[in-house]
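# Chain and residue survey
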Amino acid sequence: MFRLEPRPQASAFWSLASPLLALAVTVVIGTLLFLALGKDPVRGLQVFFWEPVKTPYALGELMVKATPLLLIALGLAVCFRSNVWNIGAEGQFVIGAIFAGGVALLAGKDSSRWIVLAILLAGLAGGMLWAGVTALLRDRFNANEILVSLMLVYVAEQLLFYLVFGPWKDPGGFNFPQTRTFESVTQVPRLMQGSRVSIGLLVALAGVAVLWVYLFRTRAGFAQQVGGLAPAAARYAGFSSRRALWTALLVSGGAAGVAGALEVAGPIGQLTPYVPAGYGFAAIIVAFVGRLHPVGMVFSAILMSMFYIGGELAQSRLGLPKSLTGVFQGLLLFTLLACDTLLAYRVRWAALPRAA
Amino acid sequence: MESYALLLAATLNAGTVLAIAALGLLVNEKAGIVNLGAEGMMLCAALAGFATVVHTGSDALGFVAGAAAGALLAAVFGLLVIWLNTNQYATGLALSLFGAGFSAFAGTGYVQAKLPERAQFSIPVLGDLPLVGPALFRQHPMVYAAIALALGLVWFLYRSRAGLVLRSVGESPESAHALGYPVRRIRLLAVVAGGALCGLAGAYLAVIYTPLWVEGMVAGRGWIALALTTFATWRPARVLLGAYLFGGVTMLQFHLQGAGVEVASQFLTMLPYVATIVVLALISRNPAWIRVNMPASLGKPFHPGS
């Protein structure tokens, strides 16, 4: 029988080691899964962990997918640190994409290059608006933010479907449910030739720096987090929980909205029913695996991006369903939560007391 | 069949899925545990139930498989949350994300599968009544089972000793522990029972209600079921009422489309989700009302001996 013994202090060692242990356990389970499917596990692991970093082009693709994940996760970290459970980032991402797409559709061939800025701001506004609905209902009506933000994901998706099947459908698109392709002037500038990596990556990295300073070097960032850790202490110190709620939701909604804008004005280049790719949900895992720490989330975003690319490669190379990505993502969060027990507890093996 | 009878029949059908899942979550929450994994459990159970019926042709086995899948996933969740003291919200979320991924992955082979024809159920004599007969008495037995389950839970929670112990574990685990009740074991049992019922609901959805398998087919019903427990302020009879109300809203969209209402179908599909948001906001407005019936330790971890 093993017993959990509370530690006097959270273990600093396990705080870093637990995500690695969780990854190791996920890899072991993945290997068993490949064996069970009758696939070569070495080949499977290669597809997930080696192919995505093998060539400069592959590395670029890794960054393309890591960018939205990182951006969304940065915002979610503000939420989760202040104990606001926004799990509707997917919806905020979609509305950001719709707002950005709306502006992009207004652009003509001779539009100014600055329209990209308007597109990103529209995405920001869309995401903030959608998260603001959750904040308002929580603030005014005490409605559970988990359920409201999640229900709004379904509403956002239906809005997108309505637009691409209805008023915004490309008349010359052979009846495909999609808008016309955005003018090239709306394309978010790329960082270098031969790769799809855009300035979105810089935006995300700037976000990392801003979040780090905000969380660890400003009074406002400190106040934001106290409410999540010790609500009574926060009240005593006069920190407003309403302000924390609104800040958390607007920041995370805005970040998800910008991520949506960067996607449609970047790699996708039009609105389609496939805009919601699950980044909003995967970013929740990115946030937890990255320990809600700005730098930690850079690593976990790259890891989660590997899972995305691995899933696509597993489909084309190994004939496995793409949804393998979701299996690995869910498994990783599960094992991480289990491994995190080691932060607060020591495992002691204790012999069962003998019956007298 | 009359169109209103048809609407009523469909409402009962749609409400049954929500009712069974929400009643399971109610048991779960009465013991003080929130399981946000309902959506994931229902998806895996829907697949398990559907696949079992495809292979065996037996609906009963399909329901058993669905309930077993839900119970198994709930047990994993319960062990993490109750013994390893992981965060309930995060762990439930992990279960939902895993369930969505796993069911999509394992279910690819069943997307085209067809179920064998099933006999119509009809209660003799009553089923032949004009108008109400087809609406109320030609339903799948599971529809009546859901009603029986709600009534049974009212008795269990408020009239039986075991129900009292279950509630005390959700209200004050410390006191229950001091009285010598195995708090963690009782909570695990409640979580597994909740998972089994969510599983049953998922199986009903895929085997009887739809009946087919598509990726993500639960489409938020697990989350709506979670909202229903709040909506019902944790009373079984109100859960039932709420479930039929939401079932009605879900069905209304088809009815409106059939009646030739000029609204884009996407806005009709939105209805149940928007209704959930509106109802949640209205119900939650009065914190006192919620708190009266909410299990006092809902969502709070309990570690004996620390």
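Above this note sits the structure.
All of the points below concern the structure found in this document. For every chain, the first residue of its written sequence is number 1, and the numbers climb from 1 along that sequence. Following the order in which they are written, the chains are lettered starting with A and the ligands numbered starting with 1. Side-chain atom pairs in this predicted model are given and counted only at pLDDT of 80 or more, local residue features only at pLDDT of at least 70, and totals for whole chains, interfaces and linings cover all residues. Note: side-chain values were computed over all heavy atoms of the structure, leaving out hydrogens and water.

## Looking at the overall build of chain A
Secondary structure assignment for chain A yields 15 helices and two strands. Relative to its length of 356 residues, chain A is compact, with a C-alpha radius of gyration of 22 Å against a globular reference of 21 Å. Per-residue accessibility, obtained with a 1.4 Å probe over protein chains only, is compared with the maximum for each type, and a residue is labelled buried under 20%, exposed over 50%, and partly exposed between these values. Buried positions account for 55% of the 356 residues belonging to chain A. Nonlocal contacts in chain A, meaning residues at least 24 apart in sequence, comprise 78% of its contacts between residues at least 6 apart. Numbered from the N terminus, helices here are DSSP runs of H or I no shorter than four residues, and strands are runs of E no shorter than two. Note that the radius of gyration is over C-alpha atoms, with the globule rule given as 2.2 Å times the number of residues to the power 0.38. Pairs of residues are marked as contacts when any of their non-hydrogen atoms sit within 4.5 Å.

## Brief notes about the pattern of salt bridges
Residue and element names in this part refer to chain A. Here, a salt bridge means any side-chain nitrogen of Lys or Arg that lies within 4 Å of a carboxyl oxygen of Asp or Glu. All told, the structure shown has 10 salt bridges over all chains when counted by the stated rule. Linking Glu312 and Lys65 is a salt bridge whose minimum nitrogen-to-oxygen distance equals 3.5 Å. Of this pair, Glu312 sits in helix 13 (residues 294-318) while Lys65 is found in helix 4 (residues 56-81), placing the two residues 247 residues apart along the sequence. Glu312 gets classed as partly exposed once you look at its relative accessible area, which sits at 30%.

## Here's the deal with the packing of helix 8 (residues 200-217) of chain A against helix 13 of chain A
Residues and elements named next belong to chain A. Axis definition: a line fitted to C-alpha atoms, limited for helices to the stretch in contact. Angles are taken between N-to-C directions and run from 0 to 180 degrees. Running from N to C, helix 8 and helix 13 cross one another at 145°; their axes reach a closest spacing of 9 Å. Taking contact as the criterion, the partners of Val208, Leu211, Trp212, Leu215 and Phe216 in helix 8 are, on helix 13, Pro294, Val295, Met297 and Val298. Along the lines of polarity and charge, the residues of the contact of helix 8 with helix 13 split into nine nonpolar, no polar and no charged. Three classes are used: nonpolar for Ala, Val, Leu, Ile, Met, Phe, Trp, Tyr, Cys and Pro, charged for Asp, Glu, Lys and Arg, and polar for all others, with Gly counted as polar.

## Remarks on helix 4 (residues 88-106) of chain B
All names here are of chain B. By definition here, a helix of n residues has an expected span of 1.5 Å times n minus one. A rise of 1.5 Å per residue sets the reference length of helix 4, with its 19 residues, at 27 Å; its end C-alpha atoms lie 26 Å apart and thus fit the reference within 8%. Here helix 4 lies mainly inside the structure; 15 of its 19 residues are buried. By the criterion applied in these results, polar contacts are pairs of N or O atoms within 3.5 Å in which, for protein atoms, one can donate a hydrogen and the other can accept it, and in which residues neighboring in sequence qualify only through two side-chain atoms. Among the residues of helix 4, the N-terminal cap falls to Asn87, whose side-chain oxygen and the backbone nitrogen of Tyr89 are separated by 2.8 Å.

## Quick word on helix 3 (residues 59-83) of chain B
Residues and elements named next belong to chain B. Here helix 3 spans 35 Å end to end across 25 residues, near enough to the 36 Å set by a 1.5 Å rise per residue. Backbone nitrogen of Ala60 and a side-chain oxygen of the N-cap are separated by 3.4 Å at the start of helix 3; the cap is Ser58. Looking one or two residues past helix 3, Asn85 carries a phi angle of roughly 55°, positive in sign.

## Some remarks on a nonpolar patch on the surface
All names here are of chain B. Two joining distances apply to patches: 9 Å for like charges and 5 Å for nonpolar side chains (Val, Leu, Ile, Met, Phe, Trp, Tyr), and every residue must have over 30% relative accessible area and no salt bridge. With residues, only the protein chains shown are counted as cover, and all accessible areas are computed by Shrake-Rupley using a 1.4 Å probe. The grouping of Leu8, Ile123, Leu126, Leu129, Val132 and Leu136 at the surface amounts to a nonpolar patch, some 410 Å² of accessible area in total. Mapped onto the elements of the fold, Leu129 is located in the loop between helix 4 and helix 5 (132-136). Take Leu129: its relative accessible area is 35%, and that puts it in the partly exposed class.

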